[in-house]
Amino acid sequence: MIKTDKKNGYVHLLISRPEKKNALTRDMYAALSEGVEKAAADSDVNAIVISGDGGVFTAGNDLDDFRARATDTTPKPSAGLAFIETLMNCDTPVLVAAEGLAIGIGTTMLLHVDAVYAGRSTRFKTAFVDLGLVPEAASTVTMPLHLGSRKAADLLLMGDVLAADEAAEIGLITRAVDDGNALEEAFTAAEKLAGKPREALRASKRLMKAPWQAMVKEAMEREREVFAERLTSEDCHAALGRMGKK
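Quick caveat, the model's predicted, so the values are computed rather than measured.

A. Local environment of the overall build of the protein. Broken down by element type, the protein carries ten helices and nine strands. Principal-axis analysis of the C-alpha atoms gives the protein an extent of 55 × 35 × 35 Å. When burial is assessed residue by residue, the protein has 50% of its 246 residues classed as buried. Across the protein, every contact between residues at least 6 apart in sequence was considered, and the portion connecting residues at least 24 apart equals 76%. Charged side chains in the protein number 31 positive and 36 negative. The centres of these two groups are separated by 0 Å.

B. Inspection of the pattern of salt bridges at higher detail. Under the defined criterion, the tally for this structure stands at 17 salt bridges. Of the charged contacts, one joins lysine 7 and aspartate 5 as a salt bridge, the two residues approaching to 2.9 Å between their closest N and O atoms. A relative accessible area of 36% means that aspartate 5 is categorised as partly exposed. Among the ionic pairs, lysine 151 bridges to aspartate 154, the shortest N-O distance being 3.4 Å. Highlighted residues: lysine 151 and aspartate 154, both in helix 6 (residues 149-156), separated by three residues, approximately one helical turn. On the basis of relative accessibility, which here comes to 19%, the residue lysine 151 falls in the buried class.

C. Summary view of the sheet that holds strand 5 (residues 101-103). In spatial order, the strands read 5-7-8; together these three strands make up an open sheet with mixed pairing. The open sheet has two edge strands with one neighbour each: strand 5 and strand 8 (162-163).

D. Here's a closer look at the packing of helix 5 (residues 139-147) against helix 6. Contact geometry for helix 5 and helix 6: axes closest at 7 Å, N-to-C directions at 130 degrees. Between helix 5 and helix 6, the angle falls in the class oblique. Viewed along their axes, helix 5 and helix 6 form a crossing whose handedness is right-handed. The residues of helix 6 that touch helix 5, namely those facing Ser139, Thr140, Met143, Pro144 and Leu147, are Ser149, Lys151, Ala152, Leu155 and Leu156.

E. View of the packing of aromatic side chains. Scanning all chains against the criterion turns up two aromatic pairs. When the centroid spacing of 6.3 Å and the interplanar angle of 35 degrees are considered together, the rings of tyrosine 29 and phenylalanine 83 count as tilted. Pair noted here: tyrosine 29 is in helix 1 (residues 26-41) and phenylalanine 83 is in helix 3 (residues 79-88), with a separation of 54 residues, a long-range link. Its relative accessible area of 3% is what places tyrosine 29 among the buried residues.

F. Looking closely at the sheet that holds strand 1 (residues 2-6). Strands sit in the order 1-2-3-4-6-9 across an open sheet of six strands; the sheet is mixed. Looking at which strands have only one partner, the edges of the open sheet turn out to be strand 1 and strand 9 (175-177). In this sheet, neighbouring strand axes are inclined to one another by 20 degrees on average, regardless of whether the strands run parallel or antiparallel. In this structure, strand 2 (residues 10-15) lies alongside strand 3 (residues 47-52), joined through six bridges in parallel fashion. Across the sheet, the residue bridging to isoleucine 15 is glycine 52, located in strand 3. Sitting on the sheet, helix 8 (residues 182-194) is in contact with strand 2, strand 3, strand 4 (94-98), strand 6 (115-119) and strand 9, with an inclination near 165 degrees to strand 4.

Criteria and cut-off values
- Residues numbered from 1 in each chain as written.
- Predicted model: local features only at pLDDT ≥ 70, side-chain atom pairs only at ≥ 80, totals over all residues.
- Heavy atoms only, no water.
- Helix = DSSP H or I, 4+ residues; strand = E, 2+ residues; numbered from the N terminus.
- Buried < 20%, exposed > 50% of the residue type's maximum accessible area, 1.4 Å probe, protein only.
- Contact = heavy atoms within 4.5 Å.
- Lys, Arg positive; Asp, Glu negative; His and termini not counted.
- Charge placed at Lys NZ, Arg CZ, Asp CG, Glu CD.
- Salt bridge = Lys/Arg side-chain N within 4 Å of Asp/Glu carboxyl O.
- Pairing = 2+ DSSP bridges.
- Axes fitted to C-alpha atoms, helices over the stretch in contact; angles between N-to-C directions.
- Parallel < 35°, antiparallel > 145°, perpendicular 65-115°, else oblique.
- Left-handed = near helix turned anticlockwise from the far one by under 90°.
- Phe/Tyr/Trp six-rings, centres within 6.5 Å; stacked < 30°, edge-to-face > 60°.

Encoded structure:
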């Protein structure tokens, strides 16, 4: 589930499914999208903070939902990508506090937010190729853009695990902090944003995104098409089957 808490000038969205390491289901993606949209439309809100419960940010997509999509003859549009599009269209600054694990979309979504604070033991990883898939969430553009093509290849092709200190050095996150302090750092930043003129803040964010916004949207569409093809592939079905036996 997604818990929402409106504070003084900002909103906190908590991903709360600790028994499954906060793996995201369709309903949870929809709730996150709704939470971001409502907060962005609220004239009293200058920032949105997203974090995970139980010392974990998120283990990524729920594998049962993934398997259902892979075997559905009339698959529904990806709820995860709808959430990414919500982040892309959000003019209100979005901050993330990450602890523990940030897997799959838990890593790629960071390229669509404005600040990320992570505990030093946090680990970032994508596993698209290992699952017989291709990267999504426009990460084929945003990751090389933010991190450079070599590091993007390490994460998207090699599937390497990235530690928080290195993630800060290469620009995937804003700052690595002591474990357990990421949410406090994000709240402090949100409080700072809460005191700024709202429309100037939102207009500045729009201007910052404008140079590559069309490129990011085009990447989403390219990835969406190939991802859907790969989702029905033997490679993908075999990988999901192996993971189901673990």
